[in-house]
Amino acid sequence: MTFLYDFFSYGMLLYSIALLGCYIFLGSFAISEAITYLRKSRLTNYSLLASSPYAPTVSILAPAYNEGANIIENVRSLLSIYYNHLELIVINDGSKDDSMAKLIAAYQLRPIETSYNQRIATKQVKAIYKSTNPVYSKLLVIDKENGGKADALNTGINLASNQYLVCIDVDCILEQDALLKLIKPFMEETGQKVIATGGVVRIANSCIFENGKLIKVNLPKKFLPRVQALEYIRAFLLGRMAWSRLNGLILISGAFGAFDRQIAIDAGGYDHNTVGEDMELVVRMRRYMADRKLPYKVAFIPDPLCWTEAPVSYKILGRQRNRWMRGTIETLKIHRNLFLNPRYGILGIFSYPYWFFFEFLATVIEFCGFLLFVIFAVMGMINWPFFLGLTSFILIFGWLFSIFAILMEVITFNQYKEPGDLGKLILTALLEPVLFHPFVVWSSMKGIIDYLRKKKSWGEMTRVGLNAPPPKAPIRNP
Amino acid sequence: MQITIAFLVLFKIGNLVQPKHFYIAVGCFTGTILLLVFYMVILLLRKKYQVKKQYFIQQALQEWLVDIILEEQKENHLAFDVPRPVSNLLQKPFAKMELLQELKRLKSSLSGQPGQNIEQLYVQLELDKLSVQSLQSTIWYDKVKGIQELAMMNQMVYSHDILLLTNHPHPEVRMEAQIAMVCFHQYEGLRFFENMRYSLTQWHQLKLLGFLANHPLPAEEIVCTWLQSANASVVQFTLKLIGEQHASNYQHMVIACLGHPEEVIRRQAISCLGEIPSDSSTQALQQVFFAEPNKYLQLAILAEFIRSDEKVDPYFLKELALTEDVDVRLAANKVIFQKQLQENF
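No experiment lies behind these values; they were computed from the predicted model shown. (Residues numbered from 1 in each chain as written. Chains lettered and ligands numbered in written order. Predicted model: local features only at pLDDT ≥ 70, side-chain atom pairs only at ≥ 80, totals over all residues.)

A.B. asks: It is not clear to me how the pairing of strand E6 (residues 164-168) of chain A should be interpreted in this structure. Could you clarify?
C.D. replies: One face of the sheet, then the other: side chains in a regular strand alternate in exactly this way. Residues and elements named next belong to chain A. Burial within E6 is extensive, with five of its five residues counted as buried. Across the two faces of E6 the burial is the same, with Tyr164, Val166 and Ile168 and Leu165 and Cys167 all buried. Pairing analysis gives four bridges linking strand E1 (residues 58-64) to E6, with the strands arranged parallel. Across the sheet, the residue bridging to Leu61 is Cys167, located in E6. Pairing of E6 with strand E11 (residues 256-260) involves five bridges; the strand directions are antiparallel. (Buried ≥ 20, exposed ≤ 12 C-beta atoms within 10 Å, placed from the backbone. Helix = DSSP H or I, 4+ residues; strand = E, 2+ residues; numbered from the N terminus. Pairing = 2+ DSSP bridges.)

Printed below as a string of C-alpha cells:
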C-alpha cells in the first residue's frame, strides 16, 4: 500500500510538473505571437479588403435549430458584416419552432430551383430560399430535415459557391470587421497553404448589443460567465495562440472559424458521428494535407471578433463540458494513429499527445487522484506536509497562469476597461479552483462515462439571450 | 521490469523532493504574481494617463489644424503660421509624435489642396526626420511605420532609400517598400519586379492593384516582360492588371499563359480572359479544356462561360454534359442553360 501511495504522490508530482512545463512553454510562445500579430495589425488597413474586387469570396454558414426567438436579429447582424464578396447561408436544421416562417416573412423569401452536387451526403433538403428583396441578395436559406449541426453544415458546404467557408453559430455576434481579419491569413500564404483560420470567441454576457451590433463590452456580472470569460482568455490568448505559432492548432471553435472550401470538401466535410465535429474536421483536414505531403498551415487571429453567450447555470455548463469531453475522446479515437507518429510532424509528435495527456487524461488523473486521496486519508497514510506542499504548489501555479493570462489581455486588447474589472478578474481567478474547476472535472468525467455508454446527444442548451429577457427555446437537440 | 524502473525513478525523485522545496516554489510564484499584478496596475494607469495626454494635445492642435486644412494655396509655398502655444507644445517629443499621428489620420481621408497643406506642414515641422529615423531603425515594425509615413506624405526624395528595401527579407518591410514605390511613381515604381527575389502574396497584390487601378497600363514591351517573368506572382499580378483594365490587346499573351506550368497562372489567365471576352478567347478556353489536368480549373473555365455572352460550341458542351464527373456535368448543364437563356433573350 505504501508503494501505491508513493507511486500516487510522486506520479502526481511528475504529471503536474510536465503539465506546468507545457503551460510555460505555450505561454512563452503565445506572448511573442500575440505581440507580433498586434504590431502587424496596427500597421494594416483592413478596409482595402472590404472594397477590393480581388478580395476572396466567402460563404458564411450558419446552422439554426429552434432559434425562432432571435433568428431575425441574428441574421440581420450577419447581413450587416463589413465584407463585399459574401453570401450568407442560413441552414434551418428541421426546427420545430417558427424559425422558418419568421425568416420567410421577415426577409421576403421565395423558394428557388437550383442544382448542386451533393458531394457530402446529408439529410434531405426540403427547399432552398432566396429573398425577392435585392437588399438581402446575399442571403440564402436552406430548409432541411433535422440531422444535427454537422449535417446542417455539410448541407451548407454542398451549396456554397465561394472560395472560403466561415462556419459560425447563428446566435453569435460578430464584430463588423471580423471577416476582414479572418480572411487575411489566407491571402498571406506563401510556401504553406492556409487551410483554416480560427478566431477568438469571447463571452457576451452583460455586454450591450443594439441591432445585432456590439455597443459596449462589459465583464460578466455573474460569477459563472465571468469565470468562463477568464477561461476563454486563457484558452484563446495563451493556448491557441501558441499552438498557432507552432503550427500545431487542432481545434478551431465551431462558433467561429474559416476554412478553405475545396480542402474541406476533399477531406470529406464534417463528421456526423461525433459531437466534436469542429475539432474533428480540423484534424482531418490536417491529415488530408499531411498524407499528400502538401505544406499547410492553420492560422489563428487573437482579436476578439466573435461574441457568444456563456452558460449561466451549472446544469447547462455541465452539459456543455460533458459534450466537449465526448467530442475530444471521439476525435482522439478516430485519429488514434496520429499518436506520436512522426509522419504527421508537429500534429503527431506534439498536438495529439498534448490533447491526449493534458486535455483528456488530465480529467481522469484529477478525478482518480481525488478518490485515492480520500482513500489514503481515511487510512491515515497521507504525508500531510508533502501533500500540502504539493497542493499549494499546483494551486499557486494555476493562479500564476491565470494572472499571466489577464496580463496578456491588459497588454493586448484590454477589453474590460471599467474601474474594478481587473480586481474582479483577479478575484475570479482566485475562486476558480474552488468554485469552478472541480465542477468542470466532474462534468468531463461524466462525459467520459457517457462516451463509454455510447451516448451521442448534444444535450439541451437553454440560453438566456443577449439583452433579452429569459427564457429562450432550446438551441439544439438533434 | 519497466514498471520497476519507473518506481525506482520515482523514489529517487521522491528522495530529492522535500516539502520545503514546494514552499520555496510557492514563495517564488507568489512573488511573481504580486509583481505581475503591480505591473498590470502600473500599465493601466499609464494607458489612462496617455489617453488623457493625447486628448489634451488633440484639443490644443484641433483649431490650428482645421485652419491649415482650409487654407488656400500659398504663394511660393510660404510657411504656415505656428502659434506660440503650439510651437511650445511641439517641443515635447510626445506631442510631436501625436501631431504626426493626427496628420496621418487626416491625410488618409483628405486629398487635393487640404492634402497638400498637410504634406507641407509635415515637412515644415520636420516630421519627416522622425519618419526617416523610423525608416533607418533595425526593428521591422519601425521601418514599416517610417515607410508608410513617407509614402503617405509623398516624400519622393526618399524613394531611393525605400527602393533598397523592396527586397528586404522581412515580408512586411518589403511589401510596404514596394507599395511606397508604386505610390510615388505608379507603374514606374514597379521596376523592382526586375530583381524580385520573393513572391507577391495575394494581400500584397491587392494593395498594389488598389494604387494602380486608375492608371493606364504602361508600354506593351514592359507588360510583356512582366508576363514572361520567372516569378509566378509577377505574372499573376500582371494578368490581374490586364483583367482589371480590360486590356484586350494582350489577349494573345494571356491565351499563351493558359499553357503555363504553374497552376496559379493558368487559373488567373482563365479569370483574365473572362474580363476580356471574345470569340478567340472562348475558343482558346475550349481548346485547353481537355488538356487542363486540374478539374477545378476546368470548372473555372465553365464558370467563365456562364459569365460571358460569347457563344460556346454546343457539341463541346453536349460532350461535357455526358461526362462521368458530376461536377463537370452539372457545370456544363448550367452553361447550356445559360446560353439557351441568352439566345431566347
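A.B. asks: Sorry if this is basic, but what is going on with the domain arrangement of chain B here?
C.D. replies: Quoted interface sizes are often the accessible area lost when the parts come together. Residue and element names in this part refer to chain B. Here the domain parsing of chain B yields domain 1 (87-215) and domain 2 (217-345). Spacing between the C-alpha centres of domain 1 and domain 2 amounts to 37 Å. Contact residues are listed per partner, giving ten residues for domain 1 and ten residues for domain 2. When grouped by side-chain class, the residues that make up the side of domain 1 that touches domain 2 number eight nonpolar, two polar and no charged. (Domains from an automatic or database assignment. Contact = placed C-beta atoms within 7 Å. Nonpolar A, V, L, I, M, F, W, Y, C, P; charged D, E, K, R; others polar.)

A.B. asks: Is there a simple way to explain the interface of chain A and chain B in this structure?
C.D. replies: Across the boundary between the two partners, chain A contributes 40 residues, which contact 40 residues of chain B. Counting residues per element, the ones that place at least two in the side of chain A that touches chain B are helix H1 (2-42), helix H2 (47-51), helix H6 (178-187), helix H12 (384-411) and helix H13 (421-435) of chain A. Here the side of chain A that touches chain B gets 16 residues from one element, more than from any other, and that element is H12(A). Among the residues forming the side of chain A that touches chain B, the class breakdown is 26 nonpolar, eight polar and six charged.

A.B. asks: So what exactly am I meant to see when it comes to the packing of helix H7 (residues 223-245) of chain A against H12(A) here?
C.D. replies: If you want to describe how two helices pack, look at the angle between their axes and the distance between the axes. Residues and elements named next belong to chain A. In contact at an axis separation of 9 Å, H7 and H12 are set at 75 degrees when each is read in the N-to-C sense. Classified by the interaxial angle, the pair formed by H7 and H12 is roughly perpendicular. Contacts between H7 and H12 involve Leu230, Ile233, Arg234, Leu237 and Leu238 from the first element and Ser402, Ala405, Ile406, Met408 and Glu409 from the second. Grouping the constituent residues of the contact of H7 with H12 by class yields seven nonpolar, one polar and two charged. (Axes fitted to C-alpha atoms, helices over the stretch in contact; angles between N-to-C directions. Parallel < 35°, antiparallel > 145°, perpendicular 65-115°, else oblique.)

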